[in-house]
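# Structural overview
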Amino acid sequence: TEIAKMTAFWGDESWRDVAYRKRQGLFGKMLEKTRNEDMAVAYRKRLREVAGFEYVSEALPMKNSKRAVIYYLYFASQNETGYKVAKEILDKYRDGGADSV
């Protein structure tokens, strides 16, 4: 299932706490999906804190021809020099928009 795939990808079920927030609805507490950008920020944090990468780029949203985000690209490393090179490249594409990717 998609839930099992997400749990395997994330490493545990803590992704659920990021993906859904509880809010008060007309009939009590309801789960509401968070934004994909919130998941991307949480995954970057996880790369640092759980996976132990010292250097992790901000997520670069990769878009299709209709400009919809289809996934986020990260660079994660223990090497500062490699990180600086990768960050420069990613920032170039980030500043250039989806047409330059």
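Description of the structure in this document. (Residues numbered from 1 in each chain as written. Predicted model: local features only at pLDDT ≥ 70, side-chain atom pairs only at ≥ 80, totals over all residues. Heavy atoms only, no water.)

What follows covers the packing of aromatic side chains. Using the criterion set out here, one finds four aromatic pairs in the structure. Judged by centre distance (5.1 Å) and plane angle (15°), the ring pair of Phe9 and Tyr43 falls under stacked. Pair noted here: Phe9 is in helix 1 (residues 2–10) and Tyr43 is in helix 3 (residues 36–49), with a separation of 34 residues, a long-range link. Judged by relative accessible area, which is 18%, Tyr43 ranks as buried. Among the aromatic side chains, those forming a connected cluster through ring pairs are Phe9, Trp10, Tyr43 and Tyr74. For Lys92, the ring lying beneath its charged end belongs to Tyr93, and the centroid distance is 5.4 Å. (Phe/Tyr/Trp six-rings, centres within 6.5 Å; stacked < 30°, edge-to-face > 60°. Helix = DSSP H or I, 4+ residues; strand = E, 2+ residues; numbered from the N terminus. Buried < 20%, exposed > 50% of the residue type's maximum accessible area, 1.4 Å probe, protein only. Lys NZ or Arg CZ within 6 Å of the ring centre and 35° of its normal.)

On to the pattern of salt bridges. Evaluated as defined, the whole model comprises ten salt bridges. The closest approach of N and O atoms between Asp12 and Arg46, which form a salt bridge, is 3.1 Å. Here Asp12 is found in the loop between helix 1 and helix 2 (15–19), whereas its partner Arg46 is found in helix 3, with 34 residues between them in sequence. On the accessibility criterion, Arg46 (14% relative accessible area) is buried. In this structure, Arg35 and Glu37 form a salt bridge, with 3.9 Å as the shortest nitrogen-oxygen distance. Because the salt bridges share partners, they merge into one network encompassing Arg21, Glu32, Arg35, Glu37 and Asp38. (Salt bridge = Lys/Arg side-chain N within 4 Å of Asp/Glu carboxyl O.)

This part covers unusual backbone geometry. Although it is not a glycine, Arg67 sits at a positive phi angle of roughly 70°. As for its position among the elements, Arg67 is in the loop between strand 4 (60–63) and strand 5 (69–73).

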